[in-house]
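Here are the chains, one letter per residue:
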Amino acid sequence: GAGVSQTPSNKVTEKGKYVELRCDPISGHTALYWYRQSLGQGPEFLIYFQGTGAADDSGLPNDRFFAVRPEGSVSTLKIQRTERGDSAVYLCASSFQHKNIQYFGAGTRLSVL
Amino acid sequence: SQQGEEDPQALSIQEGENATMNCSYKTSINNLQWYRQNSGRGLVHLILIRSNEREKHSGRLRVTLDTSKKSSSLLITASRAADTASYFCATDEDGANNLFFGTGTRLTVIP
């Protein structure tokens, strides 16, 4: 497909479990962004990758959150010891270059019970 | 944290009417963008206006930017039921790596 792909689309987990959320950006896009959106709010920034490296992780809420992009394409957002407050839609976006228009995936809706 | 606020929070209009949404932000920006979101999922980019521009058009969309007031408006003319969605403004700040999104306006167009 031509767009940003995120899997799974929905994830239900129990408090304390580990989850991984995957983002497959548009081919050739060097910049990749993760955002988190709570109900009734706008997306909030988590982390930005330029190529393989995390250029800015200032939005990660705590050390339970981690993200990787080992080959400069697919990225995985990892959440350890999930808490009910982590429930949200996690959005991934990519852009051809940093500061270009960002194209968003459909998101993963994470529910922590 | 979120940069901007939008008003109204919700707007309901009849098909064919115009819809106006407003966005206010707090700091200096490089550009301001408007996105649309259906059913709380992926966002679709609509239009970008640079800080040195005052007005921009794209189809039925008209965006204005007033940097002295730190505000922008999105006008959708001749609305359609398919325009029903949430609309977010997002600012690109100098020195920041991410977009800062507003709180959104939920638009309902009644057929």
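These numbers come from a predicted model, not from an experiment.

Cut-off values and rules
- Residues numbered from 1 in each chain as written.
- Chains lettered and ligands numbered in written order.
- Predicted model: local features only at pLDDT ≥ 70, side-chain atom pairs only at ≥ 80, totals over all residues.
- Heavy atoms only, no water.
- Helix = DSSP H or I, 4+ residues; strand = E, 2+ residues; numbered from the N terminus.
- Rg over C-alpha atoms; globule rule 2.2 N^0.38 Å.
- Buried < 20%, exposed > 50% of the residue type's maximum accessible area, 1.4 Å probe, protein only.
- Contact = heavy atoms within 4.5 Å.
- Pairing = 2+ DSSP bridges.
- Axes fitted to C-alpha atoms, helices over the stretch in contact; angles between N-to-C directions.
- Buried area = accessible area lost by both parts, 1.4 Å probe.
- Salt bridge = Lys/Arg side-chain N within 4 Å of Asp/Glu carboxyl O.
- Polar contact = N/O pair within 3.5 Å; in protein donor to acceptor, adjacent residues only side chain to side chain.
- Nonpolar A, V, L, I, M, F, W, Y, C, P; charged D, E, K, R; others polar.

Caption draft 1: Up close: the overall build of chain B. The secondary structure content of chain B amounts to zero helices and eleven strands. Ordered by position from the N terminus, the helices and strands of chain B form the series β-β-β-β-β-β-β-β-β-β-β. Relative to the globule expectation of 13 Å for 111 residues, the C-alpha radius of gyration of chain B, 13 Å, shows essentially globular dimensions. Each principal axis of the C-alpha distribution contributes one length, and for chain B these read about 45 × 25 × 20 Å. Put simply, chain B has 111 residues, and 49% of those count as buried. For chain B, contacts bridging at least 24 residues in sequence account for 56% of all contacts bridging at least 6.

Caption draft 2: Inspection of the sheet that holds strand β1 (residues 5–7) of chain B at higher detail. Residue and element names in this part refer to chain B. Here we have five strands laid out as an open sheet, ordered β1-β3-β8-β7-β6, and antiparallel in their pairing. One side of each edge strand has no neighbouring strand; the edge strands of this open sheet are β1 and β6 (55–58). Neighbour to neighbour, the strand axes of the sheet diverge by 15 degrees on average, direction disregarded. Bridge count for β1 against strand β3 (residues 19–24) is three bridges, and the pairing is antiparallel. In the strand pairing of β3, Glu5 is matched with Ser24.

Caption draft 3: Summary view of the interface of chain A and chain B. Between chain A and chain B, the residue contacts involve 26 residues of the former and 22 residues of the latter. Here chain A packs against chain B, burying approximately 1700 Å² in sum over the two surfaces, 46% of which is carbon and sulfur. Ranking the residues of chain A by area buried against chain B places Lys99(A), Ile101(A) and Phe104(A) at the top, with a combined share of 28%. In this assembly, chain A and chain B are joined by one salt bridge. Notably, a salt bridge pairs Asp92(B) with Lys99(A), separated by 2.6 Å at the nearest N-O pair. Our count for the chain A to chain B interface comes out at eight residue pairs in polar contact (both at pLDDT 80 or more). For the side of chain A that touches chain B, the elements supplying multiple residues, two or more each, are β4 (31–37), β5 (44–50), β6 (53–56), β9 (88–95) and β11 (108–112) of chain A. Of the residues that constitute the side of chain A that touches chain B, the class distribution is eleven nonpolar, eleven polar and four charged.

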